[in-house]
Amino acid sequence: MSTISKKHKAILLIFNRLGRLSLEVLMRFCAGPLIWTSIFLSLIFLALLGTWLYSSSLKYDREAATINDPAIKNAKLTEGRRWRIYAYIAWIIAVISLIVTFCFCSRIRLAIAVLKASAHFVQDTFSVVLVPPVMFVLLVLTFLYFIVICLFLYSSGEAYHDESHKTPFGSYRFDKKLRIMLLYHVFGGFWSLALNVALTEFIIASATIMWYFREKGLSGYVIASVFRAFRFHLGSLVFGSLLLALVWAVRAIFEYFAEKAEEAAPDASGLTRFLITCMRSCLDCFNRLIRFLNRNAYIQIALTGENFCTSARESFFLVLRNSLRYAVTTGLGGIFIMVGRAFIAVLTTVIGYFIITRVSAYSTKIVSP
């Protein structure tokens, strides 16, 4: 029995090492070539797209030359001019992108260096990949608790049946105290979810900073970051999550009244629908702004140990002073993540295809509808 356990432990250790090694190789050695290849493939795609659009416009011109009907001929020529405009736009975007790429070479190299440094961090502190799954489990448990309490409070009202609705389903009446309790719990649920997001971002940021500065006497950066979050900076995280919860509460209230307005006036004017859409978009932008400020404030808190307001102000002006570097680094990181997701999707599809076509246990049981 001990021999089997040792074998299993050795196999798990081998797969663990292989996973770390493959991740490190992918990030350290493939980040640069992958990003440069993505940039130049995008430029080539824009150039070829412009060429195809221009050739299509010439095709319309040739067709127009063989047509005698003035109306159809003018329509063909107009369509050809439109396709030429599209071709010129694609070429202009390609030229501008090429110029921007040459101007931002140093910033692109900086972004690649950041991605390579992240590979070193994940290799040295591999337990950080467990932070999002663990926090997600806590998020699910919090959400389930929130739903159970909401159902309990909702069912505590006075049950009644409205005969005018002609349905077998009843409803509940709530007094003022029960309404306040229900709203209080809903807002507490928003606050708890926002605090979960804050803890996740702070723990990862703190572990990264501790690793980068190599604080001595620490055996686990993630555990130390959890201790820092609850021992020194819980108030700042709670305050930042409060701001985000307030934004979510305002959006929920707006959506409630917007739905009631649409039910009361299904044939509302276009201006009313336009104003509702504008308000929804503004609230969404404000939500994104608060999340952006909170994320950078948590990083600054982990770095300097200041309070939330000071960290939010300093991080905002830091990003403002280095806006180009921040935009390039964030954009290239997004490109790398997008390519990684596409690779995972394609690899999973290919493996699934070979399983259902080559493994007899599956291939013989699949029936076409």
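Residues numbered from 1 in each chain as written. Predicted model: local features only at pLDDT ≥ 70, side-chain atom pairs only at ≥ 80, totals over all residues. Heavy atoms only, no water.

What am I meant to see in the overall build of the chain here?
Within the chain, the secondary structure is distributed over 11 helices and 2 strands. In the chain, the succession of helices and strands from N to C terminus is α-α-α-α-β-β-α-α-α-α-α-α-α. Going through the 369 residues of the chain one by one, you find that 26% of them count as buried. Of the contacts formed within the chain by residues at least 6 apart in sequence, a portion of 69% connects residues at least 24 apart. (Helix = DSSP H or I, 4+ residues; strand = E, 2+ residues; numbered from the N terminus. Buried < 20%, exposed > 50% of the residue type's maximum accessible area, 1.4 Å probe, protein only. Contact = heavy atoms within 4.5 Å.)

Where do I start with the packing of helix H8 (residues 270-304) against helix H9 (residues 308-321) in this structure?
The axes of two packed helices give the description: the angle between them and the distance between them. Contact pair H8 / H9: the axes reach a minimum separation of 8 Å and the direction vectors enclose 105°. It follows from the interaxial angle that H8 and H9 lie roughly perpendicular. Residues Phe292, Leu293, Asn294, Asn296, Ala297, Tyr298, Gln300, Ile301 and Thr304 of H8 form the contact with H9, whose own contacting residues are Phe308, Ser311, Ala312, Glu314, Ser315, Phe316, Leu318 and Val319. (Axes fitted to C-alpha atoms, helices over the stretch in contact; angles between N-to-C directions. Parallel < 35°, antiparallel > 145°, perpendicular 65-115°, else oblique.)

Mind showing me how you'd approach empty space enclosed by the protein here?
In this approach the atoms are scanned with a rolling probe the size of a water molecule, which exposes any empty space left behind. The full count for this structure, using the stated rule, is 1 cavity of 30 Å³ or more. Approximately 40 Å³ is the volume found for the largest cavity. Lining the largest cavity are Ala194, Val197, Ala198, Glu201, Ser241, Leu244, Arg291, Asn294 and Tyr298. At the level of elements, helix H5 (176-213), helix H7 (234-264) and H8 are the ones that each hand at least two residues to the lining of the largest cavity. At 4 residues, the largest contribution of residues to the lining of the largest cavity is made by H5. Looking at the lining of the largest cavity residue by residue, the classes come out as 5 nonpolar, 2 polar and 2 charged. (1 Å grid on protein atoms, 1.4 Å probe; cavity = no way out; pocket = protein on both sides within 12 Å on 5 of 7 lines; lining within 4 Å. Points joined across faces, edges and corners; volume = space filled by probe spheres on them. Nonpolar A, V, L, I, M, F, W, Y, C, P; charged D, E, K, R; others polar.)

Can you help me understand the packing of aromatic side chains in this one?
The geometry of two aromatic rings is summed up by the distance between their centres and the angle between their planes. Evaluation of the coordinates by the stated rule reveals 12 aromatic pairs. Look at phenylalanine 143 and phenylalanine 146: their rings are 6.3 Å apart centre to centre, the planes differ by 35°, and that puts the pair in the tilted class. Of this pair, phenylalanine 143 and phenylalanine 146 both sit in helix H4 (residues 131-154), separated by 3 residues, roughly a single helical turn. For phenylalanine 146, a relative accessible area of 16% corresponds to the buried category. Relative to phenylalanine 308, the ring of tyrosine 298 has its centre 6.2 Å away and its plane inclined at 50°; by these criteria the two rings are tilted. Linking tyrosine 298 in helix H8 with phenylalanine 308 in helix H9, this pair joins segments that are 10 residues apart in sequence. Judged on exposure class, the residue tyrosine 298 and its partner phenylalanine 308 are both buried. Taken together, Tyr54, Tyr88 and Trp91 form an aromatic cluster joined through their ring pairs. (Phe/Tyr/Trp six-rings, centres within 6.5 Å; stacked < 30°, edge-to-face > 60°.)

How do you make sense of the packing of helix H2 (residues 70-103) against helix H3 (residues 105-124) when you look at a structure like this?
Where H2 contacts H3, the two axes come as close as 4 Å, and the packing angle between them is 70°. Taken together, the axes of H2 and H3 are roughly perpendicular relative to one another. Here H2 contributes Thr101, Phe102 and Cys103 to the contact with H3, which in turn contributes Cys105, Arg107 and Ile108. Per-class residue counts for the contact of H2 with H3 are 4 nonpolar, 1 polar and 1 charged.

Before we go on, may I ask you to explain the side chain of threonine 200 in this structure?
Considering the arrangement of structural elements, one finds threonine 200 in helix H5. Threonine 200 gets classed as buried once you look at its relative accessible area, which sits at 15%. When sequence neighbours within four positions are dropped, the list of residues in contact with threonine 200 reads Val131 and Met135.

Could you clarify how one ought to interpret the nonpolar core in this entry?
Soluble globular proteins tend to bury their nonpolar side chains together. With 25 residues, the main nonpolar core has Phe121, Val131, Phe202, Val222, Leu237, Tyr298 and Phe308 as its most contacted residues. Counting residues in each nonpolar core, the second largest holds 8 residues, with Phe190, Leu244, Val247 and Trp248 among its members. (Core = buried A, V, L, I, M, F, W, Y, C linked by side-chain atoms within 4.5 Å.)

Mind showing me how you'd approach helix H6 (residues 221-231) here?
Because each turn of an α-helix spans 3.6 residues, side chains separated by three or four positions end up pointing in the same direction. Three or more residues of H6 are buried, namely Tyr221, Val222, Ala224, Ser225, Arg228 and Ala229. Seen along its axis, H6 keeps its buried residues to an arc of 160°; they face one direction. Projecting away from the buried face of H6 at angles above 90 degrees are the exposed residues Ile223, Phe227 and Arg231. Structurally, H6 contributes buried residues whose contacts are with H4, H5, H7 and H8. (Arc of directions from axis to C-beta.)

Help me out: how do you make sense of the environment of isoleucine 147 in this one?
Positionally, isoleucine 147 belongs in helix H4. Taking C-alpha positions, isoleucine 147 is 10.0 Å from histidine 185, a pair spaced 38 residues apart along the chain.

What should I look at first to understand the pattern of salt bridges in this one?
Opposite charge on two side chains allows them to pair when their charged atoms are near. Inspection of the entire model under this criterion finds 5 salt bridges. Arginine 295 is the salt-bridge partner of glutamate 201, the closest N and O atoms lying 3.6 Å from each other. Of this pair, glutamate 201 sits in helix H5 while arginine 295 sits in helix H8, placing them 94 residues apart in sequence. (Salt bridge = Lys/Arg side-chain N within 4 Å of Asp/Glu carboxyl O.)

Sorry, what's going on with a nonpolar patch on the surface here?
A grouping of Val129, Leu130, Val134, Phe136, Val137, Leu138, Val140, Leu141, Phe143, Leu144, Ile147 and Leu151 is seen on the molecular surface, where their side chains present a nonpolar patch of about 1100 Å² in accessible area. Relative to the helices and strands, phenylalanine 136 is located in helix H4. (Patch = residues over 30% accessible without salt bridge, like charges linked within 9 Å, V, L, I, M, F, W, Y side chains within 5 Å. Areas by Shrake-Rupley, 256 points an atom, 1.4 Å probe, with all protein chains shown as cover.)

Explain the confidence of the model for the chain to me, please; I cannot follow it from the model alone.
Close reading of the predicted structure is inappropriate where its pLDDT is low. On average, residues of the chain score 78 in pLDDT, and 79% of them are at 70 or above. This stretch, residues 1-5, has a pLDDT under 50; its non-local contacts, to residues over four places away or in other chains, come to 0 contacts. (pLDDT = per-residue confidence, 0-100.)

How do you make sense of the side chain of serine 315 when you look at a structure like this?
Locating serine 315 in the fold gives a position in helix H9. The exposure class assigned to serine 315 is buried, which follows from its relative accessible area of 4%. Not counting residues within four places of it along the chain, the set of residues in contact with serine 315 comprises Asn296, Ala297 and Gln300.

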